[in-house]
Amino acid sequence: KGDTIFIPGDSLAARVRRQMEATWLDINIPEFRLRIVEGSDTLHTLPVRVGQNRQRFLETIGRDEILRTKTGTGKIIRVNKYPVWTNPVDGEEYKDTERDDGLRTKMPQIPWLEPEINGARYGQMIHPTTNPETLNKAYSNGCIGASEADSWLIYAMAPIGTRVVIRYDRMKITAQGDTVWLRHVYDKKKMKKE
């Protein structure tokens with residue numbers, strides 16, 4: 001009682017649809033950044049973690065896997081609203097986590113996004129990490145990890161069908177117009193094998 005509900009008209013609904021269709025995710029591996037872009041305007045720049053420069057056996061897939069995050073162009077094809085956290089190395093389910101602040105909590109129930117890249121599903125999800133100290137590092141098993149708050153933002157702005165670009169671009173132009181070269185994240189000569 002007393003509340004008002006505003007229902008958008010056709011023109012507002014069409015504008016919102018155009019904005020959604022123009023929104024895409026840009027992930028640059030050596031920069032450890034995920035950008036939410038609308039057209040050519042960057043709306044948000046978020047720190048992320050990416051796959052490690054190593055190869056190891058993963059129990060969940062039953063074979064050795066190169067853990068580097070794969071590059072290419074694709075789209076979000078699935079949203080997992082009820083993720084189960086599993087250690088891919090040993091196949092054991094995580095029930096809780098010790099966070100960087102030393103507290104032990106249950107695993108967060110924040111939706112995970114699955115992109116299809118170059119027509120393939122690599123299993124490299126876009127999902128939260130409870131360990132923010134791993135952001136800005138090559139730390140994952142191939143997934144793109146963001147903070148818990150940023151993961152909610154990504155989920156809200158990248159529904160199924162959202163375009164995704166994952167690139168390995170070492171050249172960066174600073175706000176002052178200077179060109180800087182980012183360090184290599186994936187040096188094939190230094191890849192660890194277990």
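Residues numbered from 1 in each chain as written. Predicted model: local features only at pLDDT ≥ 70, side-chain atom pairs only at ≥ 80, totals over all residues. Heavy atoms only, no water.

> When you look at the overall build of the protein chain in this model, what are you seeing that I'm missing?
The number of helices and strands found in the protein chain is 2 helices and 16 strands. Buried positions account for 39% of the 194 residues belonging to the protein chain. For the protein chain, the share of sequence-separated contacts (at least 6 apart) that also reach a separation of at least 24 residues comes to 63%. When the accessible surface of the protein chain is totalled, it reaches about 11800 Å², and 49% of it is carbon and sulfur. Treating the 31 positive side-chain charges of the protein chain as one cloud and the 26 negative ones as another, the clouds have centres 4 Å apart. (Helix = DSSP H or I, 4+ residues; strand = E, 2+ residues; numbered from the N terminus. Buried < 20%, exposed > 50% of the residue type's maximum accessible area, 1.4 Å probe, protein only. Contact = heavy atoms within 4.5 Å. Areas by Shrake-Rupley, 256 points an atom, 1.4 Å probe, with all protein chains shown as cover. Lys, Arg positive; Asp, Glu negative; His and termini not counted. Charge placed at Lys NZ, Arg CZ, Asp CG, Glu CD.)

> Could you clarify how one ought to interpret the side chain of Q124 in this entry?
Structurally, the position occupied by Q124 is in the loop between strand 9 (112-117) and strand 10 (126-128). Here the side chain of Q124 touches K70 through a polar contact of 2.9 Å, landing on its backbone nitrogen. Beyond its immediate sequence surroundings of up to four residues, Q124 is in contact with R68, T69, K70, P115, I117, G142, C143 and I166. (Polar contact = N/O pair within 3.5 Å; in protein donor to acceptor, adjacent residues only side chain to side chain.)

> Would you take a moment to explain the pairing of strand 5 (residues 63-66) for this structure?
The side chains of a regular strand alternate between both faces of the sheet. Two elements, strand 4 (residues 54-58) and strand 5, share 4 bridges in a ladder whose sense is antiparallel. Of the residues in strand 5, the one forming a bridge with Q55 is I66. Joining the antiparallel neighbours strand 4 and strand 5 is a turn of 4 residues, in which G62 adopts a positive phi near 75°. (Pairing = 2+ DSSP bridges.)

> Looking at this structure, how should I read the pairing of strand 13 (residues 163-167)?
One ladder, built from 5 bridges, connects strand 1 (residues 23-28) with strand 13; its direction is parallel. Along strand 13, the bridge assignment pairs N28 with R167. Bridge analysis of strand 6 (residues 72-80) against strand 13 gives 4 bridges, and the strand direction is antiparallel. What sits directly across from K75, in strand 13, is R163.

> Explanation requested: the nonpolar core in the structure shown.
The nonpolar side chains of soluble globular proteins are, as a tendency, buried together. Ranked by internal contacts, the top residues of the largest apolar core, which has 21 residues, are L25, L34, I126 and I154. Among the elements of the structure, strand 1, strand 2 (33-38), strand 3 (41-51), strand 9, strand 12 (144-146) and strand 13 are those that each provide at least two residues to this core. With 3 residues, strand 3 is the largest single contributor of residues to this core. Those residues in contact with I154, other than ones at most four positions away along the chain, are L25, L34, I36, L46, L113, I126 and A146. (Core = buried A, V, L, I, M, F, W, Y, C linked by side-chain atoms within 4.5 Å.)

> Before we go on, may I ask you to explain the environment of Y94 in this structure?
By the element assignment, Y94 lies in the loop between strand 6 and strand 7 (96-98). The sequence separation of Y94 and E133 amounts to 39 residues, and the corresponding C-alpha distance is 19 Å. Ignoring anything within four residues of it in the chain, the contact list for Y94 reads W85, T86, N87 and M107. A polar contact is formed between the side chain of Y94 and the side chain of N87, at a distance of 3.4 Å.

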